[in-house]
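# An overview of the molecular structure
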Amino acid sequence: MSGQIDPFIHGKLLAFRGRFRWLVLLRGICCGSLAFLGGLLILALADWLIVMDDRTRYGLSGAVYLVGLLVTWFMCVRLLLRVIDERELAVMIEQEEPALRTKLLSAVELSGDSEGMDSNIFRRKAQQYVIEDLRGVDMGRLLPGKLVQTWVIAAALVILTTGVVATFDSGRTLLIRALAPMANIDRVSRNKIAILVPEGGDASVPENDTLILQIKVTGPALEKSPLLETKAVRDGEPDERKVFMDSASGQEYTSSIAMARDEIQYRIHAGDAVSR
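Quick caveat: nothing in here was measured; it's all calculated off a predicted structure.

## Considering the side chain of Ser275
Here Ser275 lies in the segment after β8 (273-274). Judged by relative accessible area, which is 8%, Ser275 ranks as buried. Only 2.8 Å separates the side chain of Ser275 from the backbone nitrogen of Ile268, close enough to count as a polar contact. The residues contacting Ser275, other than those within four sequence positions of it, are Asp186, Ile193, Arg267 and Ile268.

Given below as structure tokens:
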């Protein structure tokens, strides 16, 4: 159809489509940023207020990624992939410019009706009338930037908030834990766990021997003793155990782990603190 339509009209249609696609792209980027960064901020806040187990954090982080992708797809990518022909573009322009109502669509349809009853002279005259009306039409006025202004401002506020949160060490840690939930990062908490023995928290112990574990917990007083979780993989199945640690002196606690042939991983819960 574009081969028979007047080049001026065709250029206006392409200009409108380009403007429309640009606004869709901008809105999609803003909506995707809002969904993803907003979800990260909410998850980071929840991680700070609530002691969640790893599986819950994994699921929530996955949900944030999924929502961000779905919003970007439906609000941006899907619309950009859709092919908009001249007839549909004419209808969209007429909806925004009442002076062109029925004229532009008729001219576009006549240009594509090469086998119809209308003569070529009639088609050219119909397009000439539309050209005169189109000369004063500015696509920036038909599709102004204010159509996506709200989305841009909201996305800017979320990006700014995320940047402010990331300037603090605790905020940066919370965001990283939300972004990469499987990363071995300590939880942001009021209580702090320091492993005294073994030094550095890791040690190699012979099979059938015992690993002595001693920690120090600082911060608010604990309502109950720290909980020690151990996990060993044996014959393809995890062997998980939980025991409360014994109080040694003051803020120090101790416990022991019976070593086996398989590697044993442990984690300590003390107050609102969770070790790596």
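Read on for the rest.
## Notes on a nonpolar patch on the surface
Together, Leu66, Leu70, Trp73, Phe74, Val77 and Leu81 give the surface a local cluster of nonpolar side chains, amounting to about 580 Å² of exposed area. Counting through the fold element by element, Phe74 comes out in helix α2 (residues 54-81).

## Observations regarding the nonpolar core
The biggest cluster of nonpolar side chains holds 23 residues, and the ones touching the most others in it are Ile9, Leu13, Phe16, Ile93, Leu104 and Leu134. Contributing elements (two or more residues each) for this core: α1 (7-49), α3 (86-96), α4 (103-112), α5 (120-134) and α6 (139-142). If we skip the residues at most four places from it in the chain, Leu134 touches Phe8, Ile9, Lys12, Leu100 and Leu104. Residues Leu213, Ala232, Ile264 and Ala270 belong to the second largest nonpolar core, which totals 14 residues.

## Digging into the confidence of the model for the chain
In this model, the chain carries an average pLDDT of 86, and 92% of its residues clear a pLDDT of 70 or more. When mean pLDDT is taken per element in the chain, helix α7 (residues 149-166) scores highest with 97 and α5 scores lowest with 71.

## A short note on the pattern of salt bridges
Across all of its chains, the model carries nine salt bridges by this definition. The salt bridge partner of Asp47 is Arg177, with a shortest N-O separation of 2.7 Å. One end of the pair, Asp47, is in helix α1; the other, Arg177, is in helix α8 (residues 169-179), with 130 residues separating them in the sequence. Take Arg177: its relative accessible area is 7%, and that puts it in the buried class. Taken together, the shared-partner salt bridges connect Asp47, Arg177 and Arg187 into one network.

Calculation rules
Residues numbered from 1 in each chain as written. Predicted model: local features only at pLDDT ≥ 70, side-chain atom pairs only at ≥ 80, totals over all residues. Heavy atoms only, no water. Helix = DSSP H or I, 4+ residues; strand = E, 2+ residues; numbered from the N terminus. Buried < 20%, exposed > 50% of the residue type's maximum accessible area, 1.4 Å probe, protein only. Polar contact = N/O pair within 3.5 Å; in protein donor to acceptor, adjacent residues only side chain to side chain. Contact = heavy atoms within 4.5 Å. Patch = residues over 30% accessible without salt bridge, like charges linked within 9 Å, V, L, I, M, F, W, Y side chains within 5 Å. Areas by Shrake-Rupley, 256 points an atom, 1.4 Å probe, with all protein chains shown as cover. Salt bridge = Lys/Arg side-chain N within 4 Å of Asp/Glu carboxyl O. Core = buried A, V, L, I, M, F, W, Y, C linked by side-chain atoms within 4.5 Å. pLDDT = per-residue confidence, 0-100.

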